Each structure stands twice: as structure tokens, then as C-alpha cells.
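# Topology and contacts: notes
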Amino acid sequence: MSKTNLNNSYLDKDPKFPIAESHGLSPRSKWLRDFYFKGLDREWNNQFMPFTTGTDWDIVFHEGDFYINPEVYYFIQVLGKNDNGVFASSFRSMAIPIDLPTNFWELSLPERRAKFLEKVMLEYIPQEIISENDLIAGGRFNAQLSKCFTEEEAKDYWKKNIRNREAIFKFHKSGFGNLGAVPGHIIPDYETIVMKGYKFIYEKARKAYEDLSEEDKSGPKGGELRAIMTAAELPKKLAKKYAEECRRLKKETKNPDRVKELEQMAKNLEIVPWEPAETFWQGVQAVWLIHMIVMAEESYPGAGLSFGRIDQYLWDLYKKDVINQKSITKEFAKDILGSFWFHSNTVYDAMIKVGKQGITSGFGQIITLSGCGPNGEDLTNELTYTMIELIDSWYPSLEPKPNIRLHRNSPDKLLDILVEILGRAQGSPFILNFDERSIAGMIEEGIPKEDAWNYGVVGCLENTMQGNDRSGTVNCNPNLTKSIELTLWNGQNMPGNDIATKPGEYIGPETGNPENFETWDKFFNAWKEQIKFIINHTVEIYNLFEELRGEFIRTPYLSSMVRGCIEQGLDITNGGPELRFITIEGVGFATTIDSLLSIKKLVYEDKKYTIAEIKDAITINFKGSEVMQNFMLNRSPKYGNDEDAADELARLAMETWVQECWKYKTPTNYQFRPGMLSWNYWAGNDASYTIATPNGRNKGSFLSNAICPTDGADIKGPTAVTNSVGKVLGGKSETGDYLNYLPNGASHTITFNPSIIKDPEHKEKFKAYLRGYIENGGTALQVNILDAEMLKDAQKHPENYKNLLVRVTGYNAYFTAIGRELQNEIIARESHRI
């Protein structure tokens, strides 16, 4: 190619394939969106601000929050086992010392945390209104806060932290997956704050404290409730500071319309969040202000911290202001929400200098929209549609992340709109949750039927109740395929795979030499024992992290908004919520099932190969055994094709997994529960530590994603895949009632060819597919409508596709910002037609 052609190629910024673009935004919302995507070129950002007590022993960064992110392990430990690591030492050296109250060290740990948070939010983090286009107060909140330990507490914490670090590193390097006691992933009781105000929370805490005995007042319960009372007053104090800033700016502006807006913003802040919201504008303002303080307190920017059924608890205010009294227009309501959208996206500023302005994946501040009522009636309203319009207009952007609940009575109007948006969005801007299956799962975990309909969604697609439930939805992520290795080698690692163990060391139970198993039942029973061991091992290691968090990490502000914490006088980290679960999310389900199916057919049914031959082939990663590998890949049954025998084996395996998960609790009285959500582990670190598997997969290659079939195995179309997913989750009872083994939900991602929505006829077919999914599918569906050739072109010319969003699993990501391996996995997915 000539130099001229090279230059022309470089200068050509038009992508070969069209990509989704924002559209239909008001000038105000467009300015905010454009300003956000300036990234590092912005004059303002919400980058992490660390704060310290100033003591030599202070802990600012709690590494246990990030143990579920193996990619950061290197930054946690660099030099040796007692090393602070890059993150901890960097935040500590950068941290701003706080002028502590005189009696600070005489207070209980939760009180110290509450006082420290209050001091930081009111006196050290500036109160800013971002621009003349901003209608919602609440700018900076990304912080890393001191854990406020005494010297003795810090020594005890650090000793246990080193123990935990060694445990997670060994667990991960041994191929078992990853674990961590993770913040976020909860729906606080925002609805009560909107409807009753924070003074209701304060008064509840005050009364609970007054009702304590004198002995309890001087003990842990008294300290916790005093901390909650302090924390409950913080939103009122912070709102007052923001009101003062609005009035300061009001004096400076020469725009008469902006003068009125700033005065109204100040008046809003004088009411909410302390008093109940009286207007839609106040409702949105209240939700944002109380939400951002949670992120500051947990030192965790947004991941999984979700808003719940926001179109339901703000609906009466919207209906009054926009529809009945017409005190504001629908367009102005959308501008209020546009400011909310802008602030939600600034969570990514925490690490703004990393990658695409800090955006590495969807953090998942979920808004749950639509869904059914207690009797199956549809609750879609005009606010639902307004929010969906805004989602469509702002796309591609990531926050807040919408999950839309569908059910048998969902209106055609809603489905028509969703299909239209899917047609132009490529990677769907929303996840679809399916009520009948999801509600069955909530009932399975003990939620009364009269309450279960009102579930919300956190993180990616995980089902929880609202305002009283922490379900630890991403805390435990064991690699299910490890069970195959342990079964084949009788409780040991495959020879040569002893990365973190001694050669010949038994790490699982001795279930017998499988080369001597004469029947499939003996092999399957041995596998069951190994999968039970993996769950037990997961629980044992995880409980170390839960014990440390329960003893040392206090979040009295978040606890004030979770029902049960005030009543019990316990922090949310220490068993406070009414509903307490830790979810064990299986990784590599289909890889495991297809490996079992392959062994069952090739060894025990067809007798084509022996266990010894399969072990030998796996040990050498199928080099020289390509014929066997081909039989595994192409001549063995596969989960995901609506084949009853294959799906029944998958269901039996699921049943074993589920029953074992329910047997365990944490030291903080949280119940373990089952789920299937692989995040990006199947394509990253977990895959790299996984040996070749009997489904024909090579060592280090992708595992299967959550509840999805193995890439390329789902050859009978989307309806067959849907039916398989529904069956392994339990199907339906003989009376036609939905069953669901996984109350947390299960992630199902599917890719369609763009031709499926090319005309009205095909759109109707796709609507019919969604109706069918309601009847026979799983709990949640993520849709990509992508052309593989477009993705390949994006790999060659990433500069032309900077805003191309794709659905990875439970989250969207910018295609050009993710790793090459994950890009290739998305390209390799089966692209379905209807």
C-alpha cells in the first residue's frame, strides 16, 4: 500500500458497519452526556479521593472487597506475603488526614466510622453543582475511607487479612475460582426515604436505642444504634450544604431561568431527603443524594448498588406533576432524569485514567422497570415508558443499567418498544428478567408468595428483595469444571497441574480410581462427591472473609437503610438484614455438563474410549489425540439443544449442586444459596487455570458462560436453547407451576443475527420468541444483535468503533476496550436466526 493510501486509511474515521448512537436528547441532556464522555479532558471529575485518620497503623484500602477480581491480585500483593500492595500503599500515601473529633478514639468502631464519614462528606469533599445544565445536586462521592481502627484492631485485622490473602491466592491458583465478601449488590430502602423521609429512619433508630437496657446501651448494640443515628442525620446536613451552594451560584448567574432552577433546587434540598418527597423532582433528588453516600461509605463505586423498582415508587409523584397537575412537562421530567443518568455514569471516574475513562465493565446500578403486581397484573406505567425513552436516547452509555421485568401479561406496546430498541442497539441496553420463573425462585428461598412479586434486581440480573435483603450475589464463584479433574484423578490435581499444591497431594475426597468404574452410575456418583466437596471448600474459604468483614468492617449509614439492622442493633456486615444470603455462583456449567455427557457416551455407552485414554489425551492437551477430540466436540450430546436425555443429566447435576449449596451458613448467620452467573471469569483467569476437558475443549480456552450452552454447541436454534435453560432450572410442575432451583437467577446471553428484525414480520416473530421465553425459558436474558463481521472489523479498526457496546454477560462493555480473548469469545458465539 502506498504512503498516500496509508494516510487516507488512517484518516478515515467512518466505520464500515453502522453503530448505535445517542439520539433525541434535549440540549441539556446532550450537553451532560457529551461532557461526561470528554473523560480526562473534562475540567471536573469524580476520581477517588482517599482519607485517613493520620495514624501510622491506618488501613484505607480493604483488599477483601476486590478478591472476586483476580486481575487485581498482582496489585494487592507485589513483594511478599506481608506486602501492602500497590493499591493499599498508594491510597495510604495519597490520603488526606482528617481533623478528628476530640473523643474520636473513645467511640465504638461503628461510631468512629459514622463520624469519619460525616466529617469527610461535609468538610472535605466539595459540594458542587456540575454545570448550568445540571438539575440534581450531588457531585463527588468516589472515596477511599479509613477503616478507623485503633492500633490493636489494625494489628488483629492485618493478621487475619494476610491469612485470607494466602487462602484466596491458593484457592484461585488451584483452579477453584474466586471468592470475596463484596460490598454493593443490594437495593437499600430508597422507597421508604422517598415516601417517609430520612427522619422516619432516624426516629426508628432513636426509639430502638431508647428501648435498650442500660447494659445494652453501653455494649455493641448501643454503639451500633448511636452510629446509625449519626449516619441518619448526614443526608439532611449534606442537603443543606448543597442548598447553600445552589444559592451561591444563583447570585452569580445572569440567566433568569437558571436563577429559578437553582432556587427550586435549593428548596428541594431543604425538604428532601429528610422529609418525604412532595414532587417528582424532589423524589429523584432524594434518591440520588442518599445513593451516592452509600458509595462513599463503602468505598466501592457503584457495583451492584441498585435502585429497585424506581418506576413504581416514583410513579405517584410523576403522575401528579406531569400528568394530573402538569406542573412540569414530560420533557422537563426527562431532563431531571437526564441529570440522574449523568451522575450515575460518574461512578466510572473512580479510575478515570484506566482504559476508556475508567470504564472496564458495567458496574450495575440497576433500575428495575415494569413487571407484575401481586395478582399477576401488569404494572407498566407512563414513567416506565419515559425511562425507557431516556435509556434509548442516552445509549450507548452504561449507567444506570436497566432491567425490564416481563411476564405473561406484559403489554404488546412494551414489547414493541423493546424490540425496536434492540434493533438499533446491537448490545442490548437492558436485561430482560422474567417474572414467573424469578418469583418461583424467590418463593423457593422462603419469601412469602404475597411478597415475592415485588422483587428487584441488583448487579447484573440477580434477584433480591428490596430494602431488607443482602444476598451476596457475586461473592462466591467456584469453577465447576474443577470437579471433572478431581473425579478423573481421584481427588488430586492432574499431574503437571500442581501450581499451588504438592504433586500427589489430595485436595478433594478419594472417590476411587475412575479407570476401575464399570458403570456410568459409579462415575456420576463419584462426580457428585467432588462437586459437593467444591461447595464445602468454597464455603470454608469464604467464611474466613465473612468472619473478617463481620468483625472489622462497619457501614452504619447503609445499615440505616436496610430493614432489620436497626431492629437487631447489628450492622449489615454482621447479620443485620431481615433477609441474609450469600450466593454461590457456578462458573462453567455447560463445560461441566458436556464433559459428563461425553464420558457417558464415549466410555460407558459406545465403549469407544476408556477413562485411561481420555486422561492421557487431556494430559497432553489432545496433541496426537485429535480424532478423540473431534468425537468429543462433534459426536457427543450437548446441553442446549432441547434434547431430553442431555437436559435431564444437566438437571440432575443442577439438583445436586443446589441441594448442597443450601446446607451451609456463614459465621454471621447468612444462608448460602445457589446461582449461575459467570461475569467474565469463563473467558479470563478461571479458564487459564483449567485443564483440557472431556468435551473437547483445550487447556486455557474459554469455559461456558453461566447457564449458556458451550459456544457453538447450540445448533438447533434459540427456541431449543430456551427450552433447555428452562428445563435445567426445574421446568414446571405437573400442575403447570413454574419451578426454579436458582432464586438468585441465572445469566443467559444469546446472540442474534441482525436479519431477525429486518421487517415487521420478523419483529413479530421476535416478540413471539420473547413470549415463549416467558413460558419456557429462564430467569434472565441478555441479547446481542450483532454481525460477526462487524466485530472483526472493529478489531482491525478500533478507532472507528469506540462507542460500540456489546453484551458480555450480565453487563455491557465497550468492545474495543475489552481484551482480545474476550472479543474473540463474543465473535465465536452462535448467531441465531428465527
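Definitions and cut-offs
- Residues numbered from 1 in each chain as written.
- Predicted model: local features only at pLDDT ≥ 70, side-chain atom pairs only at ≥ 80, totals over all residues.
- Heavy atoms only, no water.
- Helix = DSSP H or I, 4+ residues; strand = E, 2+ residues; numbered from the N terminus.
- Rg over C-alpha atoms; globule rule 2.2 N^0.38 Å.
- Buried < 20%, exposed > 50% of the residue type's maximum accessible area, 1.4 Å probe, protein only.
- Contact = heavy atoms within 4.5 Å.
- Areas by Shrake-Rupley, 256 points an atom, 1.4 Å probe, with all protein chains shown as cover.
- Core = buried A, V, L, I, M, F, W, Y, C linked by side-chain atoms within 4.5 Å.
- Salt bridge = Lys/Arg side-chain N within 4 Å of Asp/Glu carboxyl O.
- Pairing = 2+ DSSP bridges.
- Axes fitted to C-alpha atoms, helices over the stretch in contact; angles between N-to-C directions.
- 1 Å grid on protein atoms, 1.4 Å probe; cavity = no way out; pocket = protein on both sides within 12 Å on 5 of 7 lines; lining within 4 Å.
- Points joined across faces, edges and corners; volume = space filled by probe spheres on them.
- Nonpolar A, V, L, I, M, F, W, Y, C, P; charged D, E, K, R; others polar.
- Parallel < 35°, antiparallel > 145°, perpendicular 65-115°, else oblique.
- Left-handed = near helix turned anticlockwise from the far one by under 90°.
- Phe/Tyr/Trp six-rings, centres within 6.5 Å; stacked < 30°, edge-to-face > 60°.
- Lys NZ or Arg CZ within 6 Å of the ring centre and 35° of its normal.
- pLDDT = per-residue confidence, 0-100.

### Here's the deal with the overall build of the chain
Counting secondary structure elements, the chain contains 32 helices and 18 strands. For the chain, whose C-alpha radius of gyration is 27 Å, the value lies close to the compact-globule estimate of 28 Å for 834 residues. Along the longest, intermediate and shortest principal axes, the C-alpha atoms of the chain span 85 × 70 × 65 Å. Within the chain, buried positions represent 65% of all 834 residues. Of the contacts made within the chain by residues no fewer than 6 positions apart, 78% connect residues no fewer than 24 positions apart. Put simply, the chain shows about 29,700 Å² of open surface, and 50% of that area lies on carbon and sulfur atoms.

### Some points on the nonpolar core
In terms of nonpolar packing, the biggest core is built from 260 residues, with Phe280, Met292, Phe589, Met654, Trp657 and Ile707 touching the most fellow members. Element by element, the count of residues in this core is highest for helix 21 (residues 520–552), at 15 residues. With residues up to four places along the chain from it excluded, the contact list for Phe589 reads Leu480, Tyr639, Ala650, Met654, Met676, Ser704, Ala706, Ile707 and Val728.

### Comments concerning the pattern of salt bridges
Tallied over the full model, the rule gives 56 salt bridges. Notably, a salt bridge pairs Lys320 with Asp321, separated by 2.8 Å at the nearest N-O pair. A relative accessible area of 25% places Lys320 in the partly exposed class.

### A closer look at the sheet that holds strand 1 (residues 49–52)
Strand-to-strand pairing in sheets goes through backbone hydrogen bonds, with the strands running parallel or antiparallel. Strand order in the open sheet made by the 3 strands is 2-1-3, with parallel pairing throughout. A strand with exactly one partner marks an edge of an open sheet, and here the two such strands are strand 2 (96–97) and strand 3 (143–145). As paired elements, strand 1 and strand 3 share 3 bridges and run parallel to each other. Residue pairing in the sheet places Phe51 in a bridge with Leu145 of strand 3. The strands touched by helix 5 (residues 109–124) are strand 1, strand 2 and strand 3; relative to strand 1, the strand with the most contacts, the crossing angle is about 130 degrees.

### Overview of the layout of surface pockets
Summary: where empty space remains is shown by rolling a probe the size of a single water molecule over the atoms. One number sums up the size of the second largest pocket: a volume of about 580 Å³. Around the second largest pocket, the lining comprises 22 residues; the ones closest to its centre are Glu436, Ile439, Ile443, Lys449 and Tyr738. Among the residues making up the lining of the second largest pocket, the classes are represented as 9 nonpolar, 7 polar and 6 charged.

### Details of the packing of helix 8 (residues 198–210) against helix 10 (residues 220–252)
Relative orientation of the contacting elements helix 8 and helix 10 amounts to 160 degrees, with a least axis distance of 9 Å. Compared by their axis directions, helix 8 and helix 10 come out roughly antiparallel. Relative to helix 10, helix 8 is oriented so that their crossing is left-handed. Counting all contacts with helix 8, which are made through Tyr198, Tyr202, Ala205, Arg206, Ala208 and Tyr209, the residues of helix 10 involved are Gly222, Leu225, Arg226, Ile228, Met229, Ala232, Glu233 and Pro235. Tallied by class, the residues present in the contact of helix 8 with helix 10 amount to 10 nonpolar, 1 polar and 3 charged.

### A word on the packing of aromatic side chains
By the definition in use, this model includes 47 aromatic pairs. Note on Trp281 and Phe332: the rings are 5.3 Å apart at their centroids and 75 degrees apart in plane angle, and the pair reads as edge-to-face. Of this pair, Trp281 sits in helix 12 (residues 280–298) while Phe332 sits in helix 15 (residues 330–345); the two residues are 51 residues apart in sequence, bridging distant segments of the chain. The pair Trp281 / Phe332 is uniform in exposure class, with both members buried. Sitting over the ring of Trp274, Lys236 keeps its end group 4.2 Å from the ring centre. When the ring centre of Tyr385 is taken as reference, the NZ or CZ atom of Lys413 above it lies at 4.2 Å.

### Notes on the sheet that holds strand 7 (residues 431–434)
If you walk across this open sheet you meet the 6 strands as 5-6-7-15-14-18, and the pairing is mixed. Every interior strand has two partners, whereas the edge strands, strand 5 (366–370) and strand 18 (831–832), have only one. As paired strands, strand 5 and strand 6 (residues 401–406) are joined by 5 bridges and run parallel to one another. Bridge pairing links Ile367 to Pro402 in strand 6.

### Details of the packing of helix 15 against helix 16 (residues 382–394)
Orientation of helix 15 relative to helix 16, taken along the N-to-C sense of each, is 55 degrees, at an axis distance of 10 Å. Comparing their axes, helix 16 and helix 15 come out oblique. When the axes of helix 15 and helix 16 are compared, the crossing they make is right-handed. On the side of helix 15, the interface is formed by Lys330, Lys334, Leu337, Gly338, Trp341, Phe342 and Asn345, while helix 16 contributes Leu383, Thr386, Met387, Glu389, Leu390, Ile391 and Trp394. Of the residues belonging to the contact of helix 15 with helix 16, the class tally is 8 nonpolar, 3 polar and 3 charged.

### Regarding the pairing of strand 12 (residues 579–585)
Of all the 7 residues making up strand 12, 7 are buried; the element is thus mostly covered by neighbouring parts of the structure. Where strand 10 (residues 469–470) meets strand 12, 2 bridges bridge the pair, whose relative direction is parallel. In the strand pairing of strand 12, Asp469 is matched with Leu579.

### Remarks on the confidence of the model for the chain
Averaged over every residue, the pLDDT of the chain is 93; the share at 70 or more is 97%. The low-confidence segment residues 1–12 (pLDDT under 50) makes 2 contacts with residues lying over four places distant or belonging to another chain.

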